[in-house]
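# Structure at a glance
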Amino acid sequence: LRVELILTVFSRIADLVNLDTIVDSLEDDEQREIFHRLGYLNVLNSISVDRAYRMRLKVPDERKMASILVKYAIQEPGVNWVDEKFRRKESMPYSSGWQLPIEWADKIIQYGILELSYSSTGRGCKPD
């Protein structure tokens, strides 16, 4: 019901910058539904990206969000990608020992599922 309410009033929300604080108050499954239906880029504040992500890289909005997180990871010092994992397909297991490929700084692949938690407060982090 809360998801439907947010979807119904989304186009009327004047303060979209703080929409992420409302989404943060939802249960995990409700958050995933909001991100699926509205897209990460429509919901999140690019200044406050600390959260868990599950991105299907074939979806343009989710691939763009992954690209933003890659750029932040490169620019911000410290360990800011936590528990990152990747699998090529939903039906496949996660790749063991996976780490962010340097090639993704230029271009994110268009397949697979990327999961991670982004933290700007982890070991050695100094957010801008």
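Residues numbered from 1 in each chain as written. Predicted model: local features only at pLDDT ≥ 70, side-chain atom pairs only at ≥ 80, totals over all residues. Heavy atoms only, no water.

## Considerations on the packing of aromatic side chains
Following the criterion strictly, the structure yields 6 aromatic pairs and no others. Ring plane angle 80° and centroid distance 5.8 Å describe the contact between F86 and W104, whose orientation is recorded as edge-to-face. Remark: W104 occurs in the loop between β2 (81-87) and β3 (113-118) and F86 occurs in strand β2; sequence separation between them is 18 residues. Both residues of the pair, F86 and W104, count as buried. (Phe/Tyr/Trp six-rings, centres within 6.5 Å; stacked < 30°, edge-to-face > 60°. Helix = DSSP H or I, 4+ residues; strand = E, 2+ residues; numbered from the N terminus. Buried < 20%, exposed > 50% of the residue type's maximum accessible area, 1.4 Å probe, protein only.)

## Notes on the side chain of N80
For N80, the location among the structural elements is in the loop between α5 (60-75) and β2. A distance of 3.5 Å separates the side chain of N80 from the side chain of Y118, its partner in a polar contact. Every residue in contact with N80, bar those within four places of it in the chain, is listed here: Y72, A73, S117, Y118, S119 and C125. (Polar contact = N/O pair within 3.5 Å; in protein donor to acceptor, adjacent residues only side chain to side chain. Contact = heavy atoms within 4.5 Å.)

## Brief notes about the environment of S67
By secondary structure assignment, the location of S67 is in helix α5. The sequence separation of S67 and I108 amounts to 41 residues, and the corresponding C-alpha distance is 6.4 Å.

## A few points about unusual backbone geometry
The phi angle at D83 is positive, at roughly 55°, despite the residue not being glycine. Within the secondary structure, D83 sits in strand β2.

## A closer look at the pattern of salt bridges
Enumeration according to the criterion identifies 8 salt bridges in this entry. For the salt bridge of R2 with E30, the shortest nitrogen-to-oxygen distance reads 2.6 Å. Taken together, the residues span a long stretch of sequence, with R2 in helix α1 (residues 2-9) and E30 in helix α3 (residues 28-38) at a distance of 28 residues. Linking E90 and R87 is a salt bridge whose minimum nitrogen-to-oxygen distance equals 3.3 Å. Using a relative accessible area of 46% as the deciding quantity, one classes E90 as partly exposed. Overall, the relative accessible area of 13% leaves R87 in the buried class. (Salt bridge = Lys/Arg side-chain N within 4 Å of Asp/Glu carboxyl O.)

## Some details on the sheet that holds β3
The antiparallel open sheet is built from 3 strands, whose spatial order is β1-β3-β2. A single partner strand is all that each edge strand has here, and the edge strands are β1 (51-56) and β2. Shown here is a sheet whose adjacent strand axes are inclined to one another by a mean of 10°, direction ignored. Of the strand pairs in this sheet, β1 and β3 are connected by 6 bridges, and their pairing is antiparallel. Across the sheet, residue A52 finds its bridge partner in β3, namely S117. (Pairing = 2+ DSSP bridges. Axes fitted to C-alpha atoms, helices over the stretch in contact; angles between N-to-C directions.)

## A closer look at the nonpolar core
With 31 residues, the main nonpolar core has I34, Y53, M55, L69, W81 and L114 as its most contacted residues. Within the residue set of this core, elements represented by two or more residues are α1, α2 (19-24), α3, α4 (40-43), β1, α5, β2 and β3. (Core = buried A, V, L, I, M, F, W, Y, C linked by side-chain atoms within 4.5 Å.)

## Quick look at α5
For α5, which comprises 16 residues, the first-to-last C-alpha distance of 23 Å matches the rise-based estimate of 22 Å (1.5 Å per residue) to within 8%. Every buried residue of α5 is accounted for by D61, E62, R63, M65, A66, S67, L69, V70, Y72 and A73. Those residues of α5 hidden inside the fold are in contact with α4, β1, β2 and β3. (Expected span 1.5 Å × (residues − 1).)

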